[in-house]
Amino acid sequence: MGRAVGIIGVGQTHHGRRTEMSYPDLVREAVVRVFDDAGLTPADIDGVVSGTMPSMMEGIALTHFYFADAMQAVGKPILKTETCGSTGVSIAQTAYYWVASGMADCVLAVGHEKMNEGNAQATMTTVVEPFYQRYFIAGAPGVFSMQSQMWADRYGIPEDKIRDAAAYISVTHHDSAFDNPYAHVKLRVSMDDVKNARLITYPVRLLDVCPTSDGACALIFASEEFIRKIGKKAAWVKGVGYRGEEYFFGDSDKGVWQSAVQSAKQAYDQAGITNPRKELDVAEVYNPFTFQEMLFYECFGFCGFGESPDLVLKGIFNRKGELPCDPSGGVLCTNPIGATGLIRVAETVLQVMGKAGDHQIPGAKLALSHAMGGVDQFNGVMIVGSEL
Amino acid sequence: MAKEYKTLMTEIRLPYEISYGATWTRFFEGMAEKKIYGTKCGRCNRVLVPARSFCPRCFVDTTDWVEAGQQGTLTAWSYVSYRYFGMPTEPPFISALLRLDGTDVDFLHMMGGFDMSDFEQTRKIVKNGMKLRAVWKDERQGHILDIKYFEPA
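The rules we used
- Residues numbered from 1 in each chain as written.
- Chains lettered and ligands numbered in written order.
- Predicted model: local features only at pLDDT ≥ 70, side-chain atom pairs only at ≥ 80, totals over all residues.
- Heavy atoms only, no water.
- Helix = DSSP H or I, 4+ residues; strand = E, 2+ residues; numbered from the N terminus.
- Rg over C-alpha atoms; globule rule 2.2 N^0.38 Å.
- Buried < 20%, exposed > 50% of the residue type's maximum accessible area, 1.4 Å probe, protein only.
- Contact = heavy atoms within 4.5 Å.
- Lys, Arg positive; Asp, Glu negative; His and termini not counted.
- Charge placed at Lys NZ, Arg CZ, Asp CG, Glu CD.
- Expected span 1.5 Å × (residues − 1).
- Bend = angle between axes of the 7 residues up to and from the residue.
- Buried area = accessible area lost by both parts, 1.4 Å probe.
- Salt bridge = Lys/Arg side-chain N within 4 Å of Asp/Glu carboxyl O.
- Polar contact = N/O pair within 3.5 Å; in protein donor to acceptor, adjacent residues only side chain to side chain.

Visitor: I would appreciate a short explanation of the overall build of chain A in the present structure.
Guide: Looking only at helices and strands, chain A features 14 helices and 11 strands. On C-alpha atoms alone, chain A measures out to a radius of gyration of 19 Å, which is about the 21 Å that the 2.2 N^0.38 rule sets for 388 residues. Dimensions of chain A along its principal axes, counting C-alpha atoms only, are 55 × 45 × 40 Å. Expressed as a percentage of the 388 residues in chain A, the buried residues total 63%. Looking at chain A alone, contacts between residues at least 24 apart form 78% of all its contacts between residues at least 6 apart. Each charge sign in chain A was given a centre, from 33 positive and 44 negative side chains, and these centres are 3 Å apart.

The following block contains the structure:
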C-alpha cells in the first residue's frame, strides 16, 4: 500500500426520480454537500475523479467535461473512470491511488447517473460485442439471474429455501430504506408480496430487483498529513481490491465468482482481516438483485458456499445480526449506477464515523463496501476503518 | 490475392429524455418570446448567457435574471463546408461566437441572412468585431434554433 489515505467528506443527493433538475445541477447538489460536510472549498482540491456507467447511458459523451463546472474541476487535473456497475468503487480507488501515490493531497471523487434520462438495459446491451452474445444477454437481469441459478444448482439449495431467503432480503432492505433519508424506493413489502411479484428473469421477480434512480455522490480523499493539518476526523482506507475476468460470459465460473473472491481477499490482506464475519462490523454489498447478494456473502467469506440462505433466514446479516449488510437499504432500493458503488463507500464512511443517523450500526469501526460491473466481469472492494 | 474478411454493418439506437431543469426551462420559455436570457452572478457580477443556475467560477447560485441584447459582436467564426453522419445543421453554414450586448461571456450560434454559397465571397463579408443581430423564426418552440441565425446588423 502507498501512504495512508482518509475520507473526510461525504455528499449525496436525495436519490430518486429527479426529472425536475438538470443533470449538472444534480451533480452539483452532491458536490455542494461534500464541501459543506468536509468544511473545505474547491481551492483545497488537487484533482477530480468522476464516473458514470457506460457513456451511452448519458446521451452526452464525456460527462466529466460537461460537469467540470458542477464539480469545480476547472484548472485542475480531471479523470473519468468507467467500469459499468463497479464504476463507483473504481472512482474511489482511483482517488485513493492518486493520494496514496503522493501525487495529490486532496482529491474529489464524484459518481453520478440520471437513469431516468436514458435506458439502462438498452445501454447494458451495448457492453456486449455484436457478433456472438448480444442477442442472448437480456441486460443486467438476464446475466445475473443466470449466475444465481448456476450457484443455487451447484450447491443443491432447495428452490423454496433460496426463494424465502431472497424474499427476506427484499423485505429487510426495503424496511431499512425508510431509515435512510437519501434512499429512493420507500415501500413496505411482505414476503408474499416479493414471492408473488411479476417475473422479470427467473428466479428474479420485480421486488428482487433494484430501481431506476437519479442521483450523485461525492467523497473527498486526503492524505494523513493533510488531514492532521486541518484537524479533521476521517474514515481511513484499510484495503482495496479489484479483479476482472475473461470477457466472454462462458469463459469463467459464475457459481464461485473468482473476481469477487479475489478482490475481497486482496482488500482483506491489506487490512489484516482473517475472519471477515467476526472482524467486520458492517458491509455495504452491491446488491441490485436479492439472489446475487447471497452469492457475494459467500465469495467474501462471510460464510461457506451454499450456506448463506440458512444464515439469511436466521437474521445473521440483518441490522441486529452478527454482520449487518446494507443497512442503508442498499442498491436494491437506490441505484443511480455511476454513483451506486461510491454510495456503498460513502455509507461505510458514515458508519465508521458514527454519522449514519437512523440506520447507524452502533459502534461500527470496520466496514466493507463493494461493487460489481460489466457482463459478470469485474468486482471491486474497499474497506474503511475508524482508526488509522 | 489476399482474402477479404467480413465486416458487420450495425447501428445503435438509444432513447433519451433529458431534463432541462428550472433554469434552462426558463431560458427556453424566453426563446419562445424572442428573448435571450442570461443570469448574473452576485459575487463576480458577470452576466452568463445562456442562463446558468450557478456561476462556474464562484460556485454560488446566480442571483438575477438579465435579458441579453439581441445584438452582439462577432468574436470568432468558421465556414463549415463538409458533412458527417447525423449532422444536425445543413452545411454550408457559419459557426459564430459572439458577445451579446450586456453579457460577459461569448454565445455560440451561427450566422446567416446572406448568400454564403461561395466561400471566397463570404470571407469578404465576415470579420471579427462586426455587429450582428438575432433573426427569429416566426414559429417558435422554445428551442435554440428559434433564433434562425445572427445577421450583419
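Visitor: Whenever I open this one, helix α6 (residues 159-177) of chain A confuses me. Can you help?
Guide: In an α-helix, one turn spans 3.6 residues, which is why side chains three or four residues apart end up on the same side. Residue and element names in this part refer to chain A. Taking 1.5 Å per residue, 19 residues should reach 27 Å; α6 reaches 27 Å between its end C-alpha atoms and fits that length. Listed as buried for α6 are I162, R163, A165, A166, A167, I169, S170, V171, H173, H174, S176 and A177. On its buried face, α6 is in contact with α5 (139-154), α7 (191-195), β6 (204-205), α11 (290-299), α12 (308-313) and α13 (330-333).

Visitor: Explain the side chain of E29(A) here, please?
Guide: Residue and element names in this part refer to chain A. With respect to the secondary-structure elements, E29 resides in helix α1 (residues 23-38). Residue E29 is classed as buried on the basis of its relative accessible area, which comes to 14%. With residues up to four places along the chain from it excluded, the contact list for E29 reads T13, H14, R18 and M21.

Visitor: Can you walk me through helix α14 (residues 337-352) of chain A in this structure?
Guide: Residues and elements named next belong to chain A. For α14, built from 16 residues, the straight-helix expectation of 22 Å at 1.5 Å per residue is met to within 8% by its first-to-last C-alpha distance of 24 Å. Considering bend angle alone, the principal kink of α14 is centred on I343 and spans about 25 degrees. Burial within α14 is extensive, with 16 of its 16 residues counted as buried. Immediately downstream of α14, the backbone of G354 shows phi near 70 degrees, a positive value.

Visitor: How should I be thinking about the interface of chain B and chain A in this particular structure?
Guide: Where interface size is quoted, it is often the accessible area lost as the parts come together. Facing the 19 residues of chain B at the interface are 31 residues of chain A. Roughly 1,900 Å² is buried in total at the junction of chain B and chain A, and carbon and sulfur atoms are behind 60% of that figure. Ranking the residues of chain B by area buried against chain A places Y16(B), S19(B) and F59(B) at the top, with a combined share of 31%. The interface formed by chain B and chain A holds 1 salt bridge in total. Applying the counting criterion to the chain B and chain A interface returns 9 residue pairs in polar contact (both at pLDDT 80 or more).

Visitor: Whenever I open this one, the environment of Y202(A) confuses me. Can you help?
Guide: All names here are of chain A. Within the secondary structure, Y202 sits in the loop between β5 (199-201) and β6. As a C-alpha pair, Y202 and G338 span 136 residues in sequence and 26 Å in three-dimensional space. With residues near it in sequence (within four places) discarded, Y202 still touches S145, Q149 and E159. Here the side chain of Y202 touches E159 through a polar contact of 2.9 Å, side chain to side chain.

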